[in-house]
Structures are given as structure tokens and as C-alpha cells.
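Results of the structural survey
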Amino acid sequence: MTHDEILQGLYDNTLVGNAPEVKDLVNAGLEDGMDPEKMLYDALIPSLEEVGARFERGDYFVPEMLIAARAMQGALDILRPLLAETGAQQVGTFVMGTVKGDVHDIGKNLVNIMLEGAGFQVWDLGVNVAPETFVEKIKEHKPEIVGFSAFLTTTMPMFKANINALEKAGIRDQVIVMVGGAPVTQEYADAVGADGYAADASTAVRMAKDLIQKKRAAVPA
Ligand code: B1M
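Keep in mind it's a predicted model, so treat the numbers as computed, not measured. (Residues numbered from 1 in each chain as written. Predicted model: local features only at pLDDT ≥ 70, side-chain atom pairs only at ≥ 80, totals over all residues. Heavy atoms only, no water.)

**Some remarks on the domain arrangement of the protein chain**
As far as domains go, the protein chain holds domain 1 (3-86) and domain 2 (92-218). With centres defined by C-alpha atoms, the gap from domain 1 to domain 2 works out at 25 Å. Listed as interface residues are 14 residues of domain 1 and, on the opposing side, 10 residues of domain 2. Interface of domain 1 and domain 2: buried area, both sides summed, is about 990 Å²; carbon and sulfur atoms make up 67% of it. Linking domain 1 to domain 2 there are one salt bridge. Between R80 and E116 there is a salt bridge, and its shortest N-O distance comes to 3.7 Å. Those elements that place two or more of their residues in the side of domain 1 that touches domain 2 are α3 (36-57) and α4 (62-83). When residues in the side of domain 1 that touches domain 2 are grouped by element, the largest group, six residues, is from α4. Classifying every residue of the side of domain 1 that touches domain 2 by side-chain character gives nine nonpolar, two polar and three charged. (Domains from an automatic or database assignment. Contact = heavy atoms within 4.5 Å. Buried area = accessible area lost by both parts, 1.4 Å probe. Salt bridge = Lys/Arg side-chain N within 4 Å of Asp/Glu carboxyl O. Helix = DSSP H or I, 4+ residues; strand = E, 2+ residues; numbered from the N terminus. Nonpolar A, V, L, I, M, F, W, Y, C, P; charged D, E, K, R; others polar.)

This is the structure we're talking about:
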């Protein structure tokens, strides 16, 4: 099988949610020396984008989205250690979660993998995380950054609710707030008072390092 055939197979089989075939193709690609990021960015993510487009057109429904997501998760399980492979020293600490009302987690998990790969310690709170849970976990772990993911226009307002909860608990100044997720924009992030926004996982890592550096530079040691 050529690498192009493997990429095409990954795209096609994720689209129809054929998880066992997706796993086999990922393994075949790795055995043949393919780059894990190429499989991710050239096949798996574009396939999920097409799943979303079909859902919007009414050609796919929730079950189809779900099985495609499961196929993707299976691929990520195999790719995770390779994507996160690192010799990097710890560069910062992160508490991350998908906001209340939202159960999407593939994008959040991908950001976590990339952060860990870059040397961040990440506490992942999972999905559907309530503002009070963010507050509790920030108090417990004292991270430099808290990341809120939202994937629905209806759950994006939880960013503001979370920031309000941090303010109410008196810890807003102690933590950098980053937001992201498919429908989020820089304008929205600015409007809710977040410190940073990133459109994808690699930008999120760069942004996180940048924000931490700025904060450390601003605070005398
Ligand atoms: Co849903 N879903 N879904 N879904 N789903 C979307 C998001 C949607 C865009 C599909 C569409 O209509 N085109 C649409 C949202 C529309 C909107 O509000 N604008 C939608 C909808 C409507 C819904 C339901 C409401 C459907 C229904 O029930 N009628 C429902 C909501 C459930 C809920 O949360 N309450 C629902 C359910 C589901 C499933 C459970 C079936 C499944 C999720 C499974 C899972 O995640 N475990 C699912 C899926 C798979 C999708 C699509 C197809 C794929 C999402 C995905 O994983 N993308 C999605 C369509 C799409 O995105 N095109 C869709 C790949 C992922 C790598 O990208 O998530 O963007 P992304 O993450 C990126 C960036 O956003 C960024 O980095 C990531 C990696 O590069 N990023 C950050 C993410 N978090 C970040 C945090 C940061 C920085 C960057 O800093 C903190």
C-alpha cells in the first residue's frame, strides 16, 4: 500500500466510522515509517470536517458523527504517545476542560496531547465541566493557565460564566485564561475577557508558552 492509499483509506474509513480498519491503517502507516502528524492533519481531521459538513447538510445524523468520532479516538489512542513524544523539560502547567453543556472532546484531547508533547503538565477535567469545578481544580492544582474548550455556539457563553466564577472566587488574577474550539474567534475571546485564543493545537502550544513567558517577565521573581 502506498502512503497516499493509506491516507485515503484513513479519510474514507473515518468518514464511515470503520474503527477497526482505521486502527489497522494507522498501524500499517506507522510500520511503514509514516509521520503521525501527517496522518492526523492530512486524513483524520479533514475526514471529521467532512463529517461535520455532511451533518450540516442533513446527510449525516448524530449516530454517524458518533461512530466517526469513535474511529478517530481509536486512531488517537495509537498516535498519542508518538505525538506527545518529547524530551522537553516542563515548561508550564495547565488545567483544561470542555465547558458545561458540551461533550465534544477530540479537539481538547488533541490540544492536551500537543501541550504534553511540548513539556506542559496538563490536568484534564474532561467534558461538561461546571464553572465551580474549574474553580475548585484551579485552587487545587494552581496551574499557570486554565483552558476552556467549547465546540457549540450555544456553549461558548460558558467562557464568560467561567471567568465570572474565577472573579467571584478571587482567583482571576492568578491564572491565565485561554479559550478555543471550532466556533470560537479572536473577537469572541476578546469580548469575554480571555487572555488568549488559538484556532488549533499547535497554535495553542505556542500561545501558551508565550503567555507564560510574558506573565513571568511581568512578575518579579
Ligand atoms: Co458535534 N457538532 N454535536 N458531535 N461535532 C460539531 C461541533 C458541529 C460544528 C457540526 C456541524 O454542524 N457542522 C456542530 C456545532 C454547530 C455550532 O454550534 N456552531 C455540532 C452539533 C450541532 C452537535 C450536537 C448539538 C448535535 C445534536 O445533538 N443535534 C451535539 C451536541 C452534544 C453536546 O455537546 N451537548 C453534538 C454531538 C457530537 C458527538 C457526540 C456525536 C461527536 C463528539 C464526540 C467527541 O468529541 N467525543 C460530535 C462530533 C464528532 C462533531 C464534529 C463532526 C467533529 C468535531 C471534532 O472532533 N473535530 C463537529 C464538526 C466539525 O468540527 N467540523 C461537530 C476535530 C477536532 C480535531 O477539531 O474540535 O475544532 P476541533 O478542535 C481543534 C480546535 O478547535 C482547537 O484545537 C483543536 C485541534 O486542532 N481547540 C482549541 C480545541 N479546544 C481548544 C482549546 C484551546 C485552544 C484551541 O485553548 C484552551
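Following the structure, the description resumes.
**Focus: the side chain of N13**
Locating N13 in the fold gives a position in helix α1 (residues 3-15). For N13, a relative accessible area of 14% puts it in the buried group. With sequence-adjacent residues up to four places away left out, N13 is seen in contact with N18, E21, V22 and L25. (Buried < 20%, exposed > 50% of the residue type's maximum accessible area, 1.4 Å probe, protein only.)

**Let's talk about the coordination of the cobalt atom of the ligand**
Protein coordination of the cobalt atom of the ligand rests on one atom only, H104 (NE2), at 2.2 Å. Take H104: it is sitting in the loop between β1 (92-98) and α5 (106-117). (Donors = N, O, S within 2.8 Å, 3.2 Å for Na, K, Ca; no water.)

**Brief notes about the pairing of β1**
Of all seven residues in β1, seven are buried, a share of seventy percent or more. Of the two faces of β1, both are covered, the one formed by G92, F94, M96 and T98 as well as the one formed by T93, V95 and G97. Across five bridges, the pairing between β1 and strand β2 (residues 120-124) is parallel. Across the sheet, the residue bridging to T93 is Q121, located in β2. With five bridges connecting them, β1 and strand β3 (residues 145-149) associate as parallel partners. Within β3, the position partnered with M96 by the bridge is G147. (Pairing = 2+ DSSP bridges.)

**Considerations on the sheet that holds strand β5 (residues 196-197)**
Judged by pairing direction, the sheet is parallel, and its five strands sit side by side in the order β2-β1-β3-β4-β5 without closing on themselves. Only two strands of the sheet have a single partner each, and these edge strands are β2 and β5. Pairing of strand β4 (residues 176-180) with β5, which is carried by two bridges, proceeds in the parallel orientation. Residue V179 lies in a different strand from β5, and its bridge partner there is Y197. Sitting on the sheet, α5 touches β1, β2 and β3, and the angle it makes with β2 is about 155 degrees. Sheet contacts for helix α9 (residues 201-218): β1, β2, β3, β4 and β5; angle to β4, the most-contacted strand, approximately 165 degrees. (Axes fitted to C-alpha atoms, helices over the stretch in contact; angles between N-to-C directions.)

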